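# Structure at a glance
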Amino acid sequence: MRGRSMLPTLREGDLLLVRHGARVRPGDLVVARFADGTLTVKRAVERRRTSTGGVGWWLLSDNAAEGVDSRHRGPVAEDAVLAVVRLRVWPWPRVGRRLRAR
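This write-up is about the structure you can find in this document. (Residues numbered from 1 in each chain as written. Predicted model: local features only at pLDDT ≥ 70, side-chain atom pairs only at ≥ 80, totals over all residues. Heavy atoms only, no water.)

### A closer look at a nonpolar patch on the surface
A cluster of nonpolar residues, L15, L17, V89 and W90, forms a patch on the protein surface that exposes about 400 Å² of accessible area. Along the polypeptide, L17 turns up in strand β1 (residues 15-20). (Patch = residues over 30% accessible without salt bridge, like charges linked within 9 Å, V, L, I, M, F, W, Y side chains within 5 Å. Areas by Shrake-Rupley, 256 points an atom, 1.4 Å probe, with all protein chains shown as cover. Salt bridge = Lys/Arg side-chain N within 4 Å of Asp/Glu carboxyl O. Helix = DSSP H or I, 4+ residues; strand = E, 2+ residues; numbered from the N terminus.)

This is the structure we're talking about:
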């Protein structure tokens, strides 16, 4: 994990265990690829239509003052949401509801 966009949930240097192909639910932390190829970790808020009419996700930072998210780039196509974060492995394990939206 790099950057401050997911504070206080995640911090720079956190190592995450993710599950590729997992079903995304609102409130989940996800790994996604923006259209420019940037990989990012954001919170999936809700399903929305993309500019092409496809199904996508509205992704937001937990720290609204930092980083780039759907407020800047719009919904992310569903097939660009690559994985769901299941566990923060390091510096100490954090799982389940502590990673979900508050």
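This is not the end of the story, as more comes after the structure.
### Quick word on the environment of D79
Position of D79 relative to the elements: it lies in the loop between β5 (76-77) and β6 (81-90). The spatial distance from the C-alpha of D79 to the C-alpha of S5 is 22 Å, given a sequence separation of 74 residues.

### Thoughts on the pairing of strand β2 (residues 29-33)
For β2, a buried count of 4 out of 5 residues is recorded, marking the element as mostly surrounded by other parts of the structure. Bridging between β2 and strand β3 (residues 39-49) involves 5 bridges; their strand directions are antiparallel. Among the inter-strand pairings, R33 is bridged to a residue of β3, identified as L39. Between β2 and β3, which pair antiparallel in sequence order, lie 5 residues; one of them, G37, sits at a positive phi of approximately 95°. Sheet topology places β2 next to β6; 3 bridges connect them, and they run antiparallel. Its bridge partner lying in β6, A32 is registered against V81. (Buried < 20%, exposed > 50% of the residue type's maximum accessible area, 1.4 Å probe, protein only. Pairing = 2+ DSSP bridges.)

### Digging into the packing of aromatic side chains
This structure, assessed with the given rule, holds 0 aromatic pairs. The lysine or arginine in question, R48, covers the ring of W58, its NZ or CZ lying 3.9 Å from the ring centre. (Phe/Tyr/Trp six-rings, centres within 6.5 Å; stacked < 30°, edge-to-face > 60°. Lys NZ or Arg CZ within 6 Å of the ring centre and 35° of its normal.)

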